[in-house]
Every structure is written in C-alpha cells, then in structure tokens.
Amino acid sequence: MKYYNIIRIIFAFLILANLTDNIANAEGIKKTGYYINKNFDLIPNDKTATKKIVLITIDDGPGKTDKDLTNTLKKHNAKAIFFINGIHDKDYKGNIKFLFDEGFSIGNHTWNHPNLKKSKEDIIKKEINNNTKLIVKLTGQSPRFFRPPYGIINTYTKSLVKKEGMIYMNWSGAAKDWEKGAKDEKIFLKNVLDGLHDGQIILLHGYPWTTKYLDNLMSEIEKKGYSFANPSDITE
C-alpha cells in the first residue's frame, strides 16, 4: 500500500509539472506574440518590444505560382498565410498540402469567394465550413485565420468565425496587384512601401507579376529594417 501511494504521488507530480510547463509555454507565446488591432495591424503583446515586423499574406490560391512564391519566401526566411478558396483545389491538386508541408499557414477565404455581405446565412455557413473541411482533410489541421472575400464582412460572419475558433484578419497594406497599374514594378513596390509601417499586414495575390516582383519587395522591406512575422506568433 505504501509503495502504491508513492507511485500515485510521483504520477501526480509529473502531471502537475507537465501542466505547469504548458501554462508557462502559453504565457510565453502570449507575452512575445502579437494580436490584431481594429486597424488590422499586428501589435506586440510585450509592450517593450522594439522589433519592426510585417506579415505577408497571399489570397485566392491555390494557384500555378505557389511553388515560385514559396521559393522566394524561403529565400527571405519568411513565413506567410495563404488564404485559399476550395474551388481552386480541383485545378491545383496537391498544392494546399504542399504549402502546408513547406511550413506555411493555410487560411480560410471561403469556398467560392462570394461577397458575404450579400449572402444568406446558410450560404455563408456552407462557404466557410466546406472550406474548413477541405483544409482539415488535406492538412490535418483546422485553419486558424479567416479572411472574408473583398475584405467585406457582416455581424453573422464575425460571430460564426469566432465560434469556429478562427481569427478574423483583413489587411492594412496592399500591393493592389489586382489593378492594371500594378503590373508595373515601380507602382507595385510604391503601393506597399509608401505606407509601410510596423505591424502591417500586407495583402498580395499569386499573379505572375506579383510572383516576379516579390523578391525585390521583400528586399526593400528588409532594407527599411523590418523582419517578417510568423503567423504562429499571432495569439488573437
């Protein structure tokens, strides 16, 4: 009986030690990580932090430029969030898993890219949940981040996203690469660099010109003293 009690005490101690480590790790992440403010900038949880960072996000994948984009991101030791639409998976089979396996975050951008403010609640739920199911099927993980198409959202969608355990993320800077003028590299770079600021969440797409200019853009950002945030450090 005495031996049995000793075993129980040791077992309880190990459980407590593991729990303490988990709490400490969580507090460490929260202290050193970032949260998203109402302007969609990343704000450090540690108010004494001085490191300047930006976050790269790429919408509307998967697509044919995914591998080239990841090669450039890795060249700069940068992580990014790829916000995907499930409808594209049939044309680019294997790309979502490839992006995940390369260490990038996969975000939910709805299945068909509709304007959610003009959509009925049952359609919104289907758009988001079907996309989540695909991401889980291909990566084994639920998406942590949600971005509404066109950056347009309503109260119902916000509550659903929160209920599904995702962080709502729009952007605070963009290359505006969907505009014709951004096919010119000078305009593309200017669109980002003129408003560049600490904590900025930068919106890009997988267009051929974006893929071509990404290396120069990231180099210019680094020259200004910025590094690239890791999505895993975003706490809320």
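Definitions and cut-offs
Residues numbered from 1 in each chain as written. Predicted model: local features only at pLDDT ≥ 70, side-chain atom pairs only at ≥ 80, totals over all residues. Heavy atoms only, no water. Core = buried A, V, L, I, M, F, W, Y, C linked by side-chain atoms within 4.5 Å. Buried < 20%, exposed > 50% of the residue type's maximum accessible area, 1.4 Å probe, protein only. Helix = DSSP H or I, 4+ residues; strand = E, 2+ residues; numbered from the N terminus. Contact = heavy atoms within 4.5 Å. Salt bridge = Lys/Arg side-chain N within 4 Å of Asp/Glu carboxyl O.

Caption draft 1: Molecular detail of the nonpolar core. Membership of the largest hydrophobic core comes to 32 residues, with the highest contact counts inside it found for L73, F82, L204, L217 and I221. Looking at this core, the elements with two or more residues in it are β3 (53-61), α2 (66-75), β4 (80-84), α3 (95-101), α4 (121-139), α6 (185-193), β9 (200-205) and α7 (208-223). Ranked by residues supplied to this core, first place goes to α7 with six residues. With sequence-adjacent residues up to four places away left out, F82 is seen in contact with I58, D66, L69, T70, L73, L99, F104, S105, I106 and G107. In terms of nonpolar packing, the next biggest core, distinct from the first, is built from 14 residues, Y34, I81, F83 and A229 among them.

Caption draft 2: Broad picture of the pattern of salt bridges. Applying the stated criterion across every chain yields a total of seven salt bridges. Between R147 and D59 there is a salt bridge, with the nearest N and O atoms lying 2.8 Å from each other. Taken as a pair, R147 in the loop between β6 (145-146) and α5 (155-163) and D59 in strand β3 lie far apart in primary sequence, 88 residues in all. The residues R147 and D59 share a single accessibility class, namely buried. In this structure, K190 engages D194 in a salt bridge whose closest nitrogen and oxygen atoms are separated by 2.6 Å. Exposure remark for D194: the relative accessible area of 55% places this residue in the exposed category.

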